[in-house]
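If you want the building blocks of each chain, they are given just below.
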Amino acid sequence: TQVNDVSASPDGQVYLLMQDGRVTSANAAFTFPTLSSGGRAIKLICDEHGMPWLLFDSGKLARWSIKGWEDIPFNGQSGDHTIIDLAIGTDGSVMAVSETHQLFTRSPVTKVWQPYQSGSTNQLQISHIALDPFGLPWLLDSGGSIVAEQPSVYASTDTARKPALFTRLLNWVNAGPK
C-alpha cells in the first residue's frame, strides 16, 4: 500500500497515512483503528501532543484521542464551511482554510472556529496553510504568492515540545498490559 501523507509530532514520532486510509507509525509498530466514515482521508496532521488529526475529502475532521477517533465539527460564528486545508502549530494553534479561501482559527477553550483577523489575508485566495512554531500562519494563495505573518519578537519554543512527550508517556501507561 502506498503512503498518501506523512506527519511528525513535536517529539519526533512519525505517522503515515496509507492509501487505504490506515494511519500507522513509520516503523509499523502501531496502527490506529481505521475510521470508517467521512470519505477518503487526504491529510494527516499531528497536534502539539503528538495526536494525529485527519482531514477528509468531504471536509470532515477527526482527531485521535485515547478513546478513539473523535469528530471535530467545523462550524462557528460564520456558519458551516468545508475545510480544504488544515495546520496545527507546536503551540497548539489550529487553523483551517475553507472552501471560500477564508482563514479560520479554532479556540482551544471553546472549540469554536472563528474567522482569522489579519489585514494581509483579506485579499488572498488562500489555498494552503502552515503554522510556524509560534502559531503564526504562512499562507499560499491560488496565484502562488506566499504571505507570512511575522511577530515583532520571537519567544522561546521549549515549552511547546513538553506536552507531546508527556502525552506519549501517558499513552505508554494506558496502552500497556493490564
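Calculation rules
- Residues numbered from 1 in each chain as written.
- Predicted model: local features only at pLDDT ≥ 70, side-chain atom pairs only at ≥ 80, totals over all residues.
- Heavy atoms only, no water.
- Phe/Tyr/Trp six-rings, centres within 6.5 Å; stacked < 30°, edge-to-face > 60°.
- Helix = DSSP H or I, 4+ residues; strand = E, 2+ residues; numbered from the N terminus.
- Buried < 20%, exposed > 50% of the residue type's maximum accessible area, 1.4 Å probe, protein only.
- Lys NZ or Arg CZ within 6 Å of the ring centre and 35° of its normal.
- Pairing = 2+ DSSP bridges.

*Asks:* Would you mind going over the packing of aromatic side chains with me for this structure?
*Replies:* Each aromatic ring pair is described using two quantities: the centre-to-centre distance and the angle formed by the ring planes. For the coordinates displayed, the defined rule picks out seven aromatic pairs. Here Phe-30 and Phe-32 contribute two aromatic rings whose centre-to-centre distance is 4.8 Å and whose plane-to-plane angle is 90 degrees, an arrangement assigned as edge-to-face. With a centroid separation of 5.0 Å and 75 degrees between ring planes, the pair formed by Phe-32 and Trp-64 is classed as edge-to-face. Of the two residues, Phe-32 sits in strand β4 (residues 31–32) while Trp-64 sits in strand β7 (residues 61–65), which places them 32 residues apart along the sequence. Trp-64 matches Phe-32 in its accessibility class, with the two residues each being buried. Counting every residue linked through ring pairs, the aromatic cluster contains Tyr-15, Phe-30, Phe-32, Trp-64 and Trp-69. The cationic tip of Lys-60 hangs over the ring face of Phe-56; the distance from NZ or CZ to the ring centre is 5.9 Å.

*Asks:* Mind showing me how you'd approach the pairing of β7 here?
*Replies:* In summary, the side chains of a regular strand alternate between the two faces of the sheet. Of all five residues in β7, five are buried; the element is thus mostly enclosed. Neither face of β7 is left uncovered, since the one carrying Leu-61, Arg-63 and Ser-65 and the one carrying Ala-62 and Trp-64 both have all their residues buried. As paired strands, strand β6 (residues 52–56) and β7 are joined by three bridges and run antiparallel to one another. Residue pairing in the sheet places Leu-54 in a bridge with Ala-62 of β7.

That is the geometry; function is a separate question.
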